[in-house]
Amino acid sequence: MQPNTKTFNNLYQTTLKLAAQFRTHTWQDNNRSIDECEAAIKSLATFIDDGKTNNIDKREEAREKAYEGIWFRSSDFRPVIVQLQLEEAISHMDLQLEMEILGHALACLPNGTYFKMDDLPQVMEAVGHLYRASKKADKPYAPKVSEETKVLIGSTKNLINAGFSVHIVNGEPEFDADSEQRLVAELGRRVKELGGMYVIRQLFDREISDRYHERLGRYLVYRNKRSLGERKTIRTRTPYQYLLQLSLKYLKSESIFTDAHREHRYQELIQLAQDYLEVLQLQGYMIWEDVYAEIEDFPHKLAKNLCFEKLCIPRQYHPEYVRLLLKNMLEPFYGTGREKVRVYSFCNYLEFAMYVMEEARGPRIFKREELADRLGISSYKLDQILQDVAMDAELVNVDFSYYLDATNSWKKPLVRLDTDTYFCLDGRMEGYAFYEVMFQIIYAKRGSVFSKYQGKLLEQMVYRMFREKHFPYVTGEYRRDGDLPERDCDMILEGNERVMFVELKKCPLPGSYEQADDVDVLRALGEGMLYAQEQILWHKIRLKEKGVLVLYDKEGNHIQDYTPGKKPVIAMSICMPEYDFLTDQMMTETFLESILRVTYHAIDPSQEKKLDKLNKRTENIQMVTARLFDGVQYTTRDVFFNSSFRSLQQVWTMLRVCDSLDAFLDMCETQLLMITGAGDVYVDILNVLKLKG
């Protein structure tokens, strides 16, 4: 849990005052032993969380009061220590005494030790006695500077030396006045003077291309976090997505440097971008920050992860998956003959899209002559396709400078450099734009008649995906029974060892996702993931209270009476778009657990209404959960531990690499137990494949 700002300031100031007493020799010693001093500190604790189940209520009270700043806990000393380490390194202050004082306190106290804020003076006095006793016994303890903090210190110094002023707030660097704005302008200027095309090619040649995984058909660009106990040098991250989008903005800019100097300037650009990302402190380098993430921190964690994705992770779609979407979701409404929405046929468009996506493994320039020769599409049809799918270079990302600014490069897969020359960043990074372009074309022609059938087409496509693999499934709806409501049951997958309930939702990402609008993202999660999870909880209640799901088709015909028997049940909600890090198991679990304990509110009152449906859904789930457990005490993990949230492409990828339904279900369940810190389900899929041999 992030310490309350007031808590942090109180701990910081009292530490400085305590150290001042030792420096001015005004400290009065009580001559106690180390053991006596440690016992004295612990005696002041109002609660020590030992992790036992029977302390659930007390634990909840302690967390709430710590969040509000009424209590504080021993682990709140850590960010204060980091603050001191940063200040000492950057401002050249001698703060070793302060760090040693807090280091002794941390060393003797369990992480879950809570104190009342009103008792802070007595706690710090006891800490002072412990420090003094340890010094007398010649047992000093100075907390080490972590590898993460060393990297942060280095980046902060680099930016300060480059003329960007930074100060330390609550254990993290913060830009002064207009420093960040000037830094952003400097990054843009450097990309422009190097030339966007040059920067893109260098990023792929030196970094991105080597990350391509043939079997998964994607670049493995993800959070490089270290496992618990793993010892390896931290590799500073590069904000690939930010630099790629800036480079697209300046795609036609010519470099002003000679080749030899251009290499030097490129390295300076990368270092400056890495330092900027590091000082923003959006992601740590250790898995433990995900493992021990607390529910109260979810909004803070959500906002930081949204920003990190916008800076670092290019969204990708496999060409074959894009083909699947085009054929199943859009082709039925495109029309044939005189009813076509364009002069070219859908087959022409699909062939063009697949050629570009497959050829563009990395940045690729296409000549109109090449496209005409390879595809054999008549000149006037090719002209219209190019008009539809290409954007003039001068119009790409014109309003993009700061990483949260809106981009438009995702709207078209190609950039028009001149009438005969077209550029594609990469087939996987830009391929989904072929779907976006055609969706908008058809929507403009067909309107709501087209859009209202998208959910149904999505369901049919998913069922077809499983049928083509010969993986059996059950689907249907069950009727109202007393106070049990009628519900759709999108899919039940039953293997030899386990059963999985699956719920499907189209649930597009909000347009403000690019601006890291956490309120809109939470609203979308409520309409997609939470709605699906509520459905699944109702399935479980029906099975518990009635022992069976009596399923009917849409016409009212009885399909079957379904029961999973004694097989364990897992659950998955599937949404059509990529939800990036939000499908990571630790993130999903934290969010789902939060809805049993909290309601969400917007800092901006004008945004509050957007969360009404989310909070209503939360109330429904809390009610359904209470009914499911029927008076039996449960933890938040008991409710959602076996639940996952996946994009349709992630499910499609798992189907591609699994040769049986049992293998698919086993992969789904294994991911429930897997913690990699990657924040990327595709990396988890790869790890399961390695694990299973």
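A quick note: this is a predicted structure, and the numbers were derived from the prediction, not measured.

Calculation notes
- Residues numbered from 1 in each chain as written.
- Predicted model: local features only at pLDDT ≥ 70, side-chain atom pairs only at ≥ 80, totals over all residues.
- Heavy atoms only, no water.
- Helix = DSSP H or I, 4+ residues; strand = E, 2+ residues; numbered from the N terminus.
- Rg over C-alpha atoms; globule rule 2.2 N^0.38 Å.
- Buried < 20%, exposed > 50% of the residue type's maximum accessible area, 1.4 Å probe, protein only.
- Contact = heavy atoms within 4.5 Å.
- Areas by Shrake-Rupley, 256 points an atom, 1.4 Å probe, with all protein chains shown as cover.
- Lys, Arg positive; Asp, Glu negative; His and termini not counted.
- Charge placed at Lys NZ, Arg CZ, Asp CG, Glu CD.
- Axes fitted to C-alpha atoms, helices over the stretch in contact; angles between N-to-C directions.
- Parallel < 35°, antiparallel > 145°, perpendicular 65-115°, else oblique.
- Nonpolar A, V, L, I, M, F, W, Y, C, P; charged D, E, K, R; others polar.
- Patch = residues over 30% accessible without salt bridge, like charges linked within 9 Å, V, L, I, M, F, W, Y side chains within 5 Å.
- Salt bridge = Lys/Arg side-chain N within 4 Å of Asp/Glu carboxyl O.
- Left-handed = near helix turned anticlockwise from the far one by under 90°.
- Pairing = 2+ DSSP bridges.
- Phe/Tyr/Trp six-rings, centres within 6.5 Å; stacked < 30°, edge-to-face > 60°.
- Lys NZ or Arg CZ within 6 Å of the ring centre and 35° of its normal.
- Polar contact = N/O pair within 3.5 Å; in protein donor to acceptor, adjacent residues only side chain to side chain.
- Arc of directions from axis to C-beta.

**Q** Explain the overall build of the chain to me, using residue names and the numbers behind them.
**A** Helix and strand counts for the chain come out as 28 helices and 18 strands. Taken over C-alpha atoms, the radius of gyration comes to 28 Å for the chain, in line with the 26 Å a tight globule of 693 residues would show. The burial tally for the chain puts 57% of its 693 residues in the buried class. Counted over contacts in the chain with a minimum sequence separation of 6, partners at least 24 positions apart contribute 77%. Put simply, the chain shows about 30300 Å² of open surface, and 48% of that area lies on carbon and sulfur atoms. Across the chain, the mean location of the 92 positive side-chain charges is 2 Å away from that of the 105 negative side-chain charges.

**Q** Explain the packing of helix α5 (residues 96–108) against helix α6 (residues 120–136) residue by residue, including any values.
**A** Taken N-terminus to C-terminus, the directions of α5 and α6 make an angle of 100 degrees; their axes are 9 Å apart at the nearest point. Taken as axis vectors, α5 and α6 run roughly perpendicular relative to one another. Residues Leu97, Glu100, Ile101, Leu102, His104, Ala105 and Cys108 of α5 touch α6, and the partners they reach there are Met124, Val127, Leu130, Tyr131, Ser134 and Lys135. Of the residues contributing to the contact of α5 with α6, the split by class is nine nonpolar, two polar and two charged.

**Q** Give a description of a negative patch on the surface that names residues and reports values.
**A** Together, Glu369, Asp373, Asp418 and Asp420 give the surface a local cluster of negative charge. The class for Asp373 is exposed, based on a relative accessible area of 59%.

**Q** Lay out the packing of helix α26 (residues 648–657) against helix α27 (residues 661–673) with the relevant residues and their values.
**A** Packing of α26 against α27 leaves a shortest axis separation of 9 Å and a crossing angle of 130 degrees. Taken together, the axes of α26 and α27 lie oblique to each other. Judged by the twist between their axes, the crossing of α26 over α27 is right-handed. Counted together, Val651, Met654, Leu655 and Val657 of α26 and Phe664, Met667, Cys668 and Gln671 of α27 form the full contact between these two elements. Taken together, the residues that form the contact of α26 with α27 break down as seven nonpolar, one polar and no charged.

**Q** Residues and numbers for the sheet that holds strand β1 (residues 47–48), please.
**A** Strand order in the open sheet made by the three strands is β1-β3-β2, with antiparallel pairing throughout. Each having just a single partner strand, β1 and β2 (71–73) make up the two edges of the open sheet. For β1 and strand β3 (residues 113–116), the ladder comprises two bridges, and the chain directions are antiparallel. Paired with Ile48 across the strands is Thr113, a residue of β3.

**Q** Account for the packing of aromatic side chains, with residues named and values stated.
**A** Enumeration over the complete set of coordinates arrives at 37 aromatic pairs. Consider the rings of Phe22 and Tyr131, whose centres lie 5.0 Å apart with planes at 75 degrees: the pair is edge-to-face. With Phe22 in helix α1 (residues 5–23) and Tyr131 in helix α6, the pair connects residues that are 109 residues apart, well separated along the chain. Of the residues examined, Tyr131 reaches a relative accessible area of 6% and is grouped as buried. One aromatic cluster is present, built from ring pairs that chain together Tyr317, Tyr321, Phe333, Tyr432, Tyr435, Phe439, Tyr443, Phe450, Tyr453 and Trp652. Its end group placed over the ring of Phe366, Arg364 keeps NZ or CZ at 4.3 Å from the ring centre. When the ring centre of Tyr552 is taken as reference, the NZ or CZ atom of Arg479 above it lies at 3.7 Å.

**Q** Please provide a residue-by-residue account of the side chain of Gln283, values included.
**A** Mapped onto the elements of the fold, Gln283 is located in the loop between α11 (259–280) and α12 (288–291). Assessed through its relative accessible area of 9%, Gln283 is described here as buried. Side chain to side chain, Gln283 and Arg223 meet in a polar contact 3.2 Å long. Setting aside anything within four residues of it in sequence, one finds Gln283 in contact with Arg223, Lys225, Arg237, Glu289, Asn305 and Phe308.

**Q** Describe the environment of Asp176, listing the residues and the values that go with them.
**A** On the secondary structure map, Asp176 appears in the loop between β5 (172–175) and α8 (179–194). Sequence-wise, Asp176 and Ser165 are 11 residues apart; in three dimensions their C-alpha atoms are separated by 5.6 Å. For Asp176, the contacting residues outside a window of four places in its chain are Ser165, Val166 and His167.

**Q** Summarise the pattern of salt bridges; cite the residues concerned and give the values.
**A** Scanning the model with the defined rule gives 47 salt bridges in all. Note that Asp580 and Arg315 form a salt bridge whose closest N and O atoms lie 2.8 Å from each other. You can see Asp580 sitting in the loop between β17 (569–575) and α23 (585–594) and its partner Arg315 sitting in the loop between α13 (298–312) and α14 (319–334), a full 265 residues away along the chain. Judged by its relative accessible area of 31%, Arg315 is partly exposed.

**Q** Got a sec to walk through the sheet that holds strand β8 (residues 364–367)? Specific residues and values, please.
**A** Pairing is mixed across the open sheet formed by four strands, whose spatial order is β8-β11-β10-β9. Edge positions in the open sheet fall to β8 and β9 (390–392), since each of these has one partner strand only. In this sheet, adjacent strand axes meet at a mean angle of 35 degrees when their direction is disregarded. Judged from the four bridges that link them, β8 and strand β11 (residues 421–424) form a sheet pairing that is antiparallel. In the strand pairing of β11, Ile365 is matched with Phe423.

**Q** Give a description of helix α2 (residues 34–43) that names residues and reports values.
**A** Within the span of α2, buried status applies to Ile34, Cys37, Ala40 and Ile41. Buried positions in α2, seen along its axis, are confined to an arc of 125 degrees and lie on one side of it. Of the exposed residues in α2, those oriented more than 90 degrees away from the buried face are Asp35 and Ser43. Buried residues belonging to α2 abut α5, β3 and α6.

**Q** Run through the environment of Glu61, naming residues and quoting values.
**A** With respect to the secondary-structure elements, Glu61 resides in helix α3 (residues 56–68). Counting along the chain gives 32 residues from Glu61 to Met93, while the straight-line C-alpha distance between them is 39 Å.

**Q** Please provide a residue-by-residue account of the side chain of Asp520, values included.
**A** Position of Asp520 among the secondary structure elements: in helix α22 (residues 518–546). On the basis of relative accessible area, Asp520 is assigned to the buried category, the value being 7%. Setting aside residues no more than four positions away along its own chain, Asp520 makes contact with Pro510, Ser512 and Lys610.

**Q** Which residues make up the environment of Thr599, and what values do they have?
**A** With respect to the helices and strands, Thr599 occurs in the loop between α23 and α24 (612–629). Owing to a relative accessible area of 45%, Thr599 belongs among the partly exposed residues under this scheme. Taking C-alpha positions, Thr599 is 21 Å from Leu509, a pair spaced 90 residues apart along the chain. Polar contacts involving the side chain of Thr599 include one to the side chain of His601, which spans 2.9 Å.

**Q** Which residues make up the pairing of strand β18 (residues 643–647), and what values go with them?
**A** Within β18, five of the five residues are buried, which leaves the element mostly enclosed by the surrounding structure. Burial of β18 is two-sided: the residues Ser643, Phe645 and Ser647 facing one way and the residues Ser644 and Arg646 facing the other way are all buried. Pairing between β17 and β18: five bridges, direction parallel. Looking at the pairing, Ile574 lines up with Arg646 of β18.

**Q** Please provide a residue-by-residue account of the pairing of β11, values included.
**A** Burial along β11 is two-sided: Thr421 and Phe423 facing one way and Tyr422 and Cys424 facing the other are all buried. What sits between the antiparallel neighbours strand β10 (residues 414–418) and β11 is a turn of two residues.

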